Amino acid sequence: RPEHTARVSATSVALAGSSGGGAGLCGLRHGPIPQTMAAPQRSRSNSQGSSGSRSGSRSDEEEEPPVTVMRAELVRGHRPVVVSEVPVYVALRDKDGRFFEDKGSCPSVRYRWLRGPVIKPCFFHPHKMSVIRDVAKTFQCYCSKECFLRGWHNLPQHMWGTKPDENEVEEPIAEWVEVASTRSYCPSQQDIDRPLRFDIIPLLKDGRDSVNGGMTITTGTVIPTPKEARTRRMISNGGTFNAEWLSKQFKVMNWNVLADLYATESVYPYCEKWALSWTWRKHLILKELKSMAADIITLQEVQKDAYDDWFRPQLAEAGYEGIFQQKKREPIFHRGKYTAEGCATFYKTTRFKRVDKHVVDYDKLSATEVRCVMPDAASAERGLQRLSKGNIALAIILEDQHIKTSHQSQATGPNGGHVLCVVNTHILCDPGSADVKLWQAYLLLQTLKQMPINNMPLLICGDFNSTPESAVYEYLRRGSVRADHDDLRNDPCGLMKQLLPLRHSLPMATAYETCNGREAQYTNYTEDFKGTLDYIWFSPDALAVLAISQVDDEPQLAQETALPSSTRPSDHVSLVATFMFHDAPPESNEAQQNQASAGARSGGLPGSLGGGMGGGGQNPYHMGGNNQMVNGGGHTAPGSDGLYMAGVYAAQYL
């Protein structure tokens, strides 16, 4: 046995080299290893080049081309994705010593893309390229020695691969096939599991290929576009089903999608480089957005260029109209251009029509408010310096085009439909600035109190960067903050001291606490922080929450250490909730109000269906007991909206 093991590991297992970030060809014998760094190119440029070239001639080698390739690299990651253009940066230098980026217009250089041999992914980690192939026992491919040993000792025989034919010959260097002669290239289905080679070939004055001054980039293997979005369980708010809700309910989705600006390897070292790239993540994000089929979508950390080039056109095809508002910060130079990130809100035009828009500029409001509460100019200036962080909230007023109001006290739009104020905000992230976070929440509610339409229902969605134990959460949920709250201890400018006691009179509840008795366990899951920061707040006296989408549990989130991962494109988890307008306002039927006021105030269901948690009756779906899916299923069908009704509700009703 020891001798056999030694023979297998030494002679029958092909090991790849370590260049190219650990990428290698997996076969009985290994060929060259894909690299992400550019290699200087000499006579290779003519191996499949023009018929008139003489790659071996002395005169060609001595003749210098008009331009020389100085730098060539993949802009992000080394794993091309099907249907996404491979991002490449090419810098040239002319004979005068001038450096410039070529985007495909330089006549003194030509480009060529070639497709390489198949490199199978790791058996245990399909998102990783293999560097080892076991050709003696399991006949599978692995990304590391640890995976190989795991497969050798533990892989059941029925999961072994097929033993190759003894007469089958695998060449150590497989032929590369040319697939494009342009600077840009979008991989196709035929490229999956194959590396790509990008040749940059300077041309001589007579148009022949130069053997000098060129470069070559070899990528990792091409991966397919992400599969359909993951399925999500549903947790309902209890009660008996009313068929009238079918046409009345609307769905809201909130998600911090992680801007490419912040998706760096230093912040997320555990995430595969290619899985962190925008070319991969944008497909996963879009699939999840479309799978939920929400009527209203609120997104944070949306880059302006991503909004213009990806989100707006892609969601427009799905029937959405969008509004974007960037943060009040200086643009950042990122991947060759200046850009900024902010909040984007989308809504289905078949259901809602925009009536108005308002931007809550926390910095601008602070400039006025601080001078009113601080005792002197010097204190006010110090306060402004601490509070000016560039965060914003985007508020839009939508009118329901399907559901008309039934009572004069209900907020009514120009066409007689229910109106709704949808707020999308991203509060400051800094863990050491709890006072600034609370200040921004205070400014937001102060602004919402002055809305032009009376009794307007509110939906306040976003990344609040505040846990359920924070002062921000307590202020929004309870209408006040305890004077001895831990978050108030750090008040370097004395701002909180001037505001206390801090109170507001807007009734607020969260969709997840109302349905499930507690917030989602995790909405942000990284190596450094794991907890709840995102919420969907609503007006419980005007809106009823019918159901929520269940958030993944920790074993699922930790499959690839943390988020983001190859299957979850953001470090945040999306939240989804289904609502409907209350048929009658609380004051329209005093007797009914006295009977069910507690339920209504906590987002309970309309009529006699009872309330949510804290509404005077126990929530039958609390802590998962009865919130499992009918027949124990709990998964959406492919292509569905991602939400199934639980308990007594039929699946098609939500």
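Please refer to the structure placed before this passage.
First things first, this report covers the structure right here in the doc. (Residues numbered from 1 in each chain as written. Predicted model: local features only at pLDDT ≥ 70, side-chain atom pairs only at ≥ 80, totals over all residues. Heavy atoms only, no water.)

Describing helix H5 (residues 278-292)
Basically, it comes down to this: Strands here mean DSSP runs of E at least two residues long; helices mean DSSP runs of H or I at least four residues long; both are numbered from the N terminus. A helix is expected to span 1.5 Å multiplied by its residue count minus one. Partly exposed residues are those whose accessible area sits between 20% and 50% of the maximum for their type, while under 20% is buried and over 50% is exposed, using a 1.4 Å probe and protein chains only.
Given a rise of 1.5 Å per residue, 15 residues ought to cover 21 Å, and the 21 Å separating the end C-alpha atoms of H5 matches this to within 8%. Burial runs high along H5: 13 of the 15 residues are buried. Just downstream of H5, alanine 293 is the residue with a positive phi angle, here 50°.

Some remarks on the side chain of aspartate 361
Applied cut-off: Note on charges: Lys and Arg go in the positive column, Asp and Glu in the negative column, and His and the chain ends are not counted at all. Take a side-chain nitrogen of Lys or Arg and a carboxyl oxygen of Asp or Glu: if they are within 4 Å of each other, that pair is a salt bridge. In what follows, residue pairs with any heavy atoms lying within 4.5 Å of each other are defined as contacts.
Summarising the element assignment, aspartate 361 is placed in strand S19 (residues 352-361). One buried charged residue, aspartate 361, remains without a salt bridge, the closest side chain of opposite sign being lysine 328 at 4.3 Å. Beyond its immediate chain neighbours, meaning those up to four positions away, aspartate 361 contacts Lys328 and Ile392.

Structural notes on the environment of threonine 225
If you trace the backbone, threonine 225 turns up in the loop between strand S11 (214-221) and strand S12 (234-236). Classification of threonine 225 by relative accessible area gives partly exposed; the value is 26%. For the pair threonine 225 and serine 84, spaced 141 residues apart in the sequence, the C-alpha separation amounts to 8.4 Å. Excluding anything up to four places from it in sequence, threonine 225 contacts Val81, Val82, Val83, Trp280 and His283.

Thoughts on the pattern of salt bridges
Enumeration according to the criterion identifies 22 salt bridges in this entry. Residue aspartate 400 is joined to arginine 351 by a salt bridge in which the shortest nitrogen-to-oxygen separation is 2.8 Å. With aspartate 400 in strand S20 (residues 392-404) and arginine 351 in the loop between strand S18 (341-348) and S19, the pair connects residues that are 49 residues apart, well separated along the chain. Between aspartate 552 and arginine 568 there is a salt bridge; the shortest N-O distance is 3.1 Å.

Examining the sheet that holds strand S4 (residues 88-94)
Quick reminder of the rule: We treat two strands as partners when DSSP finds at least two bridges between them. Think of each axis as a best-fit line through the C-alpha atoms, taken over the contacting stretch in the case of a helix, with angles from 0 to 180 degrees between the N-to-C directions.
Pairing within the open sheet is antiparallel, and its three strands lie in the order S3-S4-S5. Since the sheet does not close on itself, it has two edges, and those belong to strand S3 (67-74) and strand S5 (99-101), each with one partner. Each neighbouring strand pair of the sheet contributes to a mean axis angle of 25°, computed without reference to strand direction. The pairing of S3 with S4 spans seven bridges and is classified as antiparallel. The partner of arginine 71 across the bridge, within S4, is alanine 91.

Here's the deal with the packing of aromatic side chains
Spelled out, the test is: Two aromatic rings, drawn from Phe, Tyr or Trp (for Trp, its six-membered ring), form a pair once their centres lie within 6.5 Å of each other, and the interplanar angle then sorts them: stacked below 30 degrees, edge-to-face above 60, tilted otherwise. Only Lys NZ and Arg CZ are tested; either one counts as a charge over a ring when it is within 6 Å of the ring centre and within 35 degrees of the ring normal.
Applying the stated rule across the entire model yields 23 aromatic pairs. Ring plane angle 25° and centroid distance 4.3 Å describe the contact between tryptophan 113 and phenylalanine 198, whose orientation is recorded as stacked. Note that tryptophan 113 is positioned in strand S6 (residues 109-115) and phenylalanine 198 in strand S10 (residues 195-202), a separation of 85 residues in sequence. Where tyrosine 307 meets phenylalanine 346, the ring centres are 5.8 Å apart and the plane angle is 40°; that geometry is what we call tilted. With tyrosine 307 in helix H6 (residues 304-317) and phenylalanine 346 in strand S18, this residue pair connects regions lying 39 residues apart in the sequence. Through pairs of rings, three or more aromatic residues link up here, namely Phe123, Phe124, Tyr142, Phe148 and Trp152. Just above the ring of tryptophan 176 sits the side chain of arginine 197; from NZ or CZ to the centre is 5.5 Å. Sitting above the plane of the tyrosine 525 ring, lysine 530 keeps its charged end 5.0 Å from the centroid.

A closer look at the environment of isoleucine 132
Counting through the fold element by element, isoleucine 132 comes out in strand S7 (residues 132-134). Since its relative accessible area comes to 5%, isoleucine 132 is described here as buried.

A closer look at the packing of helix H7 (residues 362-373) against helix H9 (residues 434-448)
Defined as follows: Roughly parallel refers to an angle under 35 degrees, roughly antiparallel to one over 145, roughly perpendicular to one between 65 and 115, and oblique to any angle outside these ranges. Classes in brief: Ala, Val, Leu, Ile, Met, Phe, Trp, Tyr, Cys and Pro nonpolar; Asp, Glu, Lys and Arg charged; the others, Gly included, polar.
Following both chains from N to C, one finds H7 and H9 inclined at 95°, their axes separated by 11 Å at the closest point. Put simply, H7 runs roughly perpendicular to H9. Counted together, Tyr362, Leu365, Ser366, Glu369, Val370 and Val373 of H7 and Trp439, Gln440, Tyr442, Leu443, Leu444 and Thr447 of H9 form the full contact between these two elements. Tallied by class, the residues present in the contact of H7 with H9 amount to eight nonpolar, three polar and one charged.

Some details on the layout of surface pockets
How we decide: The pocket and cavity definitions rest on a 1 Å grid over protein atoms only: a 1.4 Å probe that fits but cannot leave marks a cavity, an open set with protein on both sides within 12 Å along at least five of seven lines marks a pocket, and residues lining either have an atom within 4 Å of a point. Grid points are joined across faces, edges and corners, and a volume is the space filled by probe spheres set on the points.
Considered as a void within the structure, the largest pocket measures approximately 1,300 Å³ in volume. As for the largest pocket, its lining consists of 42 residues, of which Val75, Pro87, Val88, Arg335 and Lys337 are closest to the centre. Mapped by element, the contributors of at least two residues to the lining of the largest pocket are S3, S4, H5, strand S14 (296-303), H6 and strand S16 (332-334). A class-by-class count of the residues in the lining of the largest pocket yields 17 nonpolar, nine polar and 16 charged.

Quick word on unusual backbone geometry
Across the junction of leucine 500 and proline 501, the peptide omega takes the value -5°, indicating a cis bond. Within the secondary structure, proline 501 sits in the loop between helix H11 (495-499) and strand S23 (509-510). Residues leucine 563 and proline 564 are joined by a peptide bond in cis, for which omega reads 0°. Despite not being glycine, threonine 561 has its phi angle at roughly 80°, a positive value. Inspection of the secondary structure puts threonine 561 in the loop between helix H13 (554-557) and strand S28 (575-581). According to the relative accessible area criterion, threonine 561 is partly exposed, its value standing at 43%.

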